[in-house]
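One-letter residues, chain by chain:
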Amino acid sequence: MGNKQTIFTDEQLDAYQDCTFFTRKEILRLHSRYHELAPHLVPMDYTNEPDCKLPLALIVDMPELKENPFRNRIVESFSEDGMGNLSFNEFVDMFSVLSEMAPRELKAIYAFKIYDFNVDNYLCKEDLEKTLNRLTKEELTPEEVELVCEKTIEEADLDGDNKLSYADFENMISRAPDFLRYI
Amino acid sequence: MIMMTTDIYALFSSSSSSSSSSDSDEESLSEGEIEALKEQVEEKKKLIATLRNKPWRMQKRLSLLKEAQEFVEKFEGALGKGKGRRLYAFKVMMTKKLIKFNRDFENFKTACIPWERKIKEVESHFGSSVASYFLFLRWMYGVNLVLFGFMFGLVVLPEVLMGLPYGSIPRKTVPREEQDTAMDFSVLLDFGGYCQYSILFYGFYNNDRTIGLLKFRLPLSYLLTSVGIFGYSLLVVIRTMARNANEGGDGGEEGDFIFSWKMFTSWDYLIGNPETADNKYASITTSFKESIVDEQENQKDENIHLRRFLRVFANFLILCSLGGSGYLIYFVVKRSQDFAKVDPKTLTWFEKNEVEFVMSLLGLVCPPLFETIAELEDYHPRIALKWQLGRIFALFLGNLYTFLFALFDEVTAKLETEKSIKNATEWAYQQYFANYSLFYNTTDVPPPNVAPADVIRGPCWETGVGREFVKLTVSDVQVTYLTILVGDFARAVIVRFLNYCWCWDLEAGFPSYGEFDISGNVLGLVFNQGMIWMGAFYAPGLVGINVLRLLTSMYYQSWAVMACNVPHERVFKASRSNNFYMGLLLLVLFLSLLPVVYSMMTLAPSFDCGPFSGQEKMYDVVIETIEQDLPAFIGNIFTYASNPGLIMPAILLMILAIYYLNTVSKAYQQTNIDLRKKMKMVSIGVVFVLF
């Protein structure tokens, strides 16, 4: 079961198991996926914690993310520098949150970050418009987009500031029946 | 918290530097601070346990983890100073070992889950709704495996290992008349011949109270295992329902956040296939447009009377077809009873398998018929899907129960024949007795020396019923696999290869590739399981057959869906459908419990086959065990417990409890609504205050 692996020390693997929802085998598999993205950049030996980051363009090409309309935002929300360059730690973190074992509250926090395009900690009308256009591949007319965004703010905004804060978002998403299954 | 830590660091360093001072000094320090320290350690431990749930950067988590682990290690050792140190250190070491063991066990368990990769592949191509069918199939496989374990280990294995072998007693031998055809393939396919007199069916089991060296009580075990199968299934279904209900969100009303939910939760993050993604985009757009139109138009009703008339008419048509199908099945089963009286060699294959054929045909033809009729009704697609599922459910249920009633008639007929055979056997025995005494002029008559194959046999209705269920299950499997082969695979091959030389585009127009019929397949699975539950009592081998069937289904259907199907055009789900199907399963469980319990309680067992032969009623075995094997006072307890005077108040109490819980739940829902209103009020109030 991989006791002969030399990519990580045992302490590192145990630490990863404590910090994410993954098992040992899954973490090793994630490393091989990370390595596949750029074999000449990513070292096979992580025991001395090399400082290696992969750019956004390589990561959004992964089959799991390629079809997702929010792939850029997903990678950006998990990157330290906000530009989408992920180290292996952040890579594992991203998949840990997206995995099915992550609890609803954690997913809600990151979902808010993903949908917040201008990173101002509020979902304002422009954020909603961008989300909608990504979702429908811009098939809706501007009036329809306007209507949907207005209705969304009307439904979810509790404090009346015409934008959704994290509390509004969390309140709305906690009642959604499909949220946990789909994200 | 950091301040406290440094204080404690200081305290300990100061105490160690003044170690030369009296020991009591150190002791008083420990006693006073030890509680606070323990609390610290507990807090750090809790942090370590919940670290993965925190929305921090990985680097921060790793460094916090290291810090917390170092703290815990350092001070757990230190806390052990003084009394009970060794015990404390031992406890700590055991907890660490336990955590490690748990972690390894979790890793092992995840590695053991079968077909995970296959299901994930299906999920990424077809979305989570199709994958939910396969998850359901896998869950069913697990449940059936456990049921098989029960039946096999507690009933079949003891009989095979410790019971009498084939051919030793009449019930275990093929009768003389049937022996020359017993090995024929057609007879075996029909589950007659050697199949009928094997461990597959009820009739094989002997009614000895105890068998073998271990004095294993087979009849009791048979009865209790059959009941236990239902009990276990009930437990598992309800536990899964409760788990789904907890995860599926806590009952927000459908209409509360329509647009918000559509915007933030409609994308399926598990999609990895471009075709599926395109379909998903299209369906999201359509769904938004639908809601927009709904919002704008305010549901203007064109012609409410016409719509009502059409709906009533559609329901009438559907009731007619349901009634028609029920009558057809009854008619066919009656005919099969007539056929059974005729010599089997004169019947065609069709006439022999008419019942199963008709039932499968109805199951294939009626659902599309219902769908076409439902177009008259003009409902919202989600509501139409619910109606469709309900009607298919009613169809299957009606068919199954009609089949059961017809079967029941057959059973009563067999019981009548049994009486006459019993009389014949007794008469023959008396004849033998009289002849023997006359010939040898003695009253000490040994039992007749007849070969087991020649003994006059009763009709053994339980094996008959078991055979019917097994034949039904097998034909159901055949029809399903054939439908997939023809309806999906052949269709895909034709569309793909004929497209080169055909006038219109086969792939885009008619017939194009098939879509995976989730609801049809899930309902089929649910009803198959219902038949297994019903038939397991009469045919212990049926559960094993079902396990094989589910195993092959998994591989066959996952291959078929990947090779021949395209993702759905309209991707919508019957919301919270997981619990919907579980609810159906629960209903089917209860409905399949009824016939079995009824036959156990009312019908008399056959006099010469099965583990209950010779008893008045099947449950007499339990009463016998209580009277003979258990101490006297337990028998008294049972007598008291079965007194109607005790049962009626108990039932009354349960009804009152249900009523009370219902009222409390309604009160909670009302409080929920009130609190929500209050929340909105408060927010508006804040705005007012600001102004």
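The structure presented is a predicted model; accordingly, all values stated were derived computationally and were not measured. (Residues numbered from 1 in each chain as written. Chains lettered and ligands numbered in written order. Predicted model: local features only at pLDDT ≥ 70, side-chain atom pairs only at ≥ 80, totals over all residues. Heavy atoms only, no water.)

**Student:** Tell me about the overall build of chain B, residues and numbers included.
**Tutor:** Assigned secondary structure in chain B consists of 22 helices and two strands. Looking at chain B residue by residue over its 691 residues, the buried ones come to 38%. Carbon and sulfur atoms provide 65% of the accessible area of chain B, an area that totals close to 39400 Å². (Helix = DSSP H or I, 4+ residues; strand = E, 2+ residues; numbered from the N terminus. Buried < 20%, exposed > 50% of the residue type's maximum accessible area, 1.4 Å probe, protein only. Areas by Shrake-Rupley, 256 points an atom, 1.4 Å probe, with all protein chains shown as cover.)

**Student:** Any chance you could break down the environment of A:Glu100 for me, citing the residues and the numbers?
**Tutor:** Within the element layout of this structure, A:Glu100 appears in the loop between α6 (88-98) and α7 (104-115). Exposure remark for A:Glu100: the relative accessible area of 60% places this residue in the exposed category. Taking C-alpha positions, A:Glu100 is 19 Å from A:His31, a pair spaced 69 residues apart along the chain. Excluding residues that lie within four positions of it along the chain, A:Glu100 makes contacts with A:Lys107, B:Glu116 and B:Lys120. (Contact = heavy atoms within 4.5 Å.)

**Student:** Please provide a residue-by-residue account of the state of the cysteines, values included.
**Tutor:** Across all of its chains, the model carries one disulfide over all chains by this definition. At a sulfur-sulfur separation of 1.8 Å, the disulfide partner of B:Cys460 is B:Cys609. An S-S torsion of about 100° defines the bridge between B:Cys460 and B:Cys609 as right-handed. Here B:Cys460 is found in the loop between α15 (381-440) and α16 (461-498), whereas its partner B:Cys609 is found in the loop between α19 (577-602) and α20 (620-628), with 149 residues between them in sequence. No difference in accessibility class separates B:Cys460 from B:Cys609, as the two residues are buried. The thiol of A:Cys149 is not disulfide-bonded; the next cysteine sulfur, from A:Cys124, is found 10 Å away. With no disulfide of its own, B:Cys503 has B:Cys501 as its nearest cysteine by sulfur position, at a separation of 9.5 Å. Given a relative accessible area of 74%, B:Cys503 falls into the exposed group. (Disulfide = S-S within 2.5 Å.)

**Student:** Can you break down the domain arrangement of chain A residue by residue, with the values?
**Tutor:** Accessible area lost during the coming together of the parts is what is often quoted as the interface size. Residue and element names in this part refer to chain A. You can read the domains of chain A as domain 1 (10-98) and domain 2 (104-175). One C-alpha centre belongs to domain 1, the other to domain 2; they are set 27 Å apart. On the side of domain 2, twelve residues touch domain 1, which itself brings ten residues to the contact. Summing both sides of the interface, domain 1 and domain 2 together bury roughly 1100 Å²; the carbon and sulfur share of this comes to 69%. (Domains from an automatic or database assignment. Buried area = accessible area lost by both parts, 1.4 Å probe.)

**Student:** Break down the packing of helix α12 (residues 304-341) of chain B against helix α14 (residues 354-374) of chain B for me, citing the residues and quoting the values.
**Tutor:** Residues and elements named next belong to chain B. Running from N to C, α12 and α14 point in directions that differ by 175°, and their axes come no closer than 10 Å. The angle between α12 and α14 places the two elements in the roughly antiparallel class. In the contact of α12 with α14, the residues fall into 16 nonpolar, three polar and two charged. (Axes fitted to C-alpha atoms, helices over the stretch in contact; angles between N-to-C directions. Parallel < 35°, antiparallel > 145°, perpendicular 65-115°, else oblique. Nonpolar A, V, L, I, M, F, W, Y, C, P; charged D, E, K, R; others polar.)

**Student:** Tell me about the nonpolar core, and please be specific about residues and values.
**Tutor:** Counting 96 residues, the largest nonpolar core has B:Phe134, B:Phe403 and B:Phe537 as the members making the most contacts within it. Here the element with the most residues in this core is helix α6 (residues 128-162) of chain B; it accounts for 13 residues. Excluding residues that lie within four positions of it along the chain, B:Phe403 makes contacts with B:Ile329, B:Val333, B:Val355, B:Met359, B:Glu468, B:Phe469 and B:Leu472. Within the second largest apolar cluster, 77 residues are counted, among which are A:Ile7, A:Leu13, A:Val92 and A:Ala108. (Core = buried A, V, L, I, M, F, W, Y, C linked by side-chain atoms within 4.5 Å.)

**Student:** Explain the UniProt feature "domain: EF-hand" (unreviewed entry) in chain A to me, and be specific about the residues and the numbers.
**Tutor:** In the numbering adopted here, UniProt assigns the feature "domain: EF-hand" (unreviewed entry) to residues 103-138 and 144-179 of chain A. Along residues 103-138 of chain A, the helical share is 67% and the strand share 0%, with 32 Å between the first and last C-alpha atoms. (UniProt positions renumbered as here; feature names shortened; annotations may be inferred.)

**Student:** Please give an account of helix α2 (residues 24-37) of chain A that cites residues and values.
**Tutor:** One full turn of an α-helix is made of 3.6 residues, so residues set three or four places apart face in the same direction. Over its 14 residues, α2(A) runs 20 Å from end to end, which matches the ideal 20 Å to within 8%, given 1.5 Å per residue. Taken together, the buried positions of α2(A) are occupied by A:Arg24, A:Ile27, A:Leu28, A:Leu30, A:His31, A:Tyr34, A:His35 and A:Leu37. (Expected span 1.5 Å × (residues − 1).)

**Student:** Please give an account of a nonpolar patch on the surface that cites residues and values.
**Tutor:** Residues and elements named next belong to chain B. The grouping of Leu482, Leu485, Val486, Phe489, Val493, Phe497, Tyr500 and Trp559 at the surface amounts to a nonpolar patch, some 830 Å² of accessible area in total. If one sorts the elements of the nonpolar patch by residue count, α16 sits on top with six residues. Summarising the element assignment, valine 493 is placed in helix α16. The exposure class assigned to valine 493 is partly exposed, which follows from its relative accessible area of 32%. (Patch = residues over 30% accessible without salt bridge, like charges linked within 9 Å, V, L, I, M, F, W, Y side chains within 5 Å. Salt bridge = Lys/Arg side-chain N within 4 Å of Asp/Glu carboxyl O.)

**Student:** Please set out the UniProt feature "transmembrane region" (unreviewed entry) in chain B residue by residue, giving values where relevant.
**Tutor:** Residue and element names in this part refer to chain B. The sites that carry the UniProt feature "transmembrane region" (unreviewed entry) are, in the present numbering, residues 139-164, 185-205, 220-238, 312-333, 388-408, 531-552, 580-598 and 637-661. Across residues 220-238, the secondary structure splits into 100% helix and 0% strand, with the terminal C-alpha atoms separated by 27 Å. A distance of 32 Å separates the end C-alpha atoms of residues 312-333, which is 100% helix and 0% strand.

**Student:** Mind laying out the pattern of salt bridges, listing which residues take part and the relevant values?
**Tutor:** Scanning all chains against the criterion turns up 23 salt bridges over all chains. A:Arg33 serves as the salt-bridge partner of A:Glu36, at 3.9 Å between the closest nitrogen and oxygen. With A:Glu36 and A:Arg33 both in helix α2, this residue pair falls three residues apart, about one helical turn. Residue classification places A:Glu36 among the exposed positions, given a relative accessible area of 54%. Across the pair A:Glu146 and A:Lys125 runs a salt bridge whose closest N-O atoms are separated by 2.9 Å. Taken together, the positions of A:Glu146 in helix α9 (residues 142-156) and A:Lys125 in helix α8 (residues 125-136) put the pair 21 residues apart, joining distant regions of the chain. Assessed through its relative accessible area of 31%, A:Glu146 is described here as partly exposed. For A:Lys125, a relative accessible area of 25% puts it in the partly exposed group. By sharing partners, the salt bridges in this structure join B:Asp190, B:Arg467, B:Glu468 and B:Lys471 into a single network.

**Student:** An account of the interface of chain A and chain B is needed here, citing residue identities and associated values.
**Tutor:** At the junction of the two partners, chain A supplies 72 residues and chain B supplies 65 residues. A salt bridge links B:Arg61 to A:Asp93; its shortest N-O distance comes to 2.7 Å. In this assembly, chain A and chain B are joined by 18 residue pairs in polar contact (both at pLDDT 80 or more). (Polar contact = N/O pair within 3.5 Å; in protein donor to acceptor, adjacent residues only side chain to side chain.)

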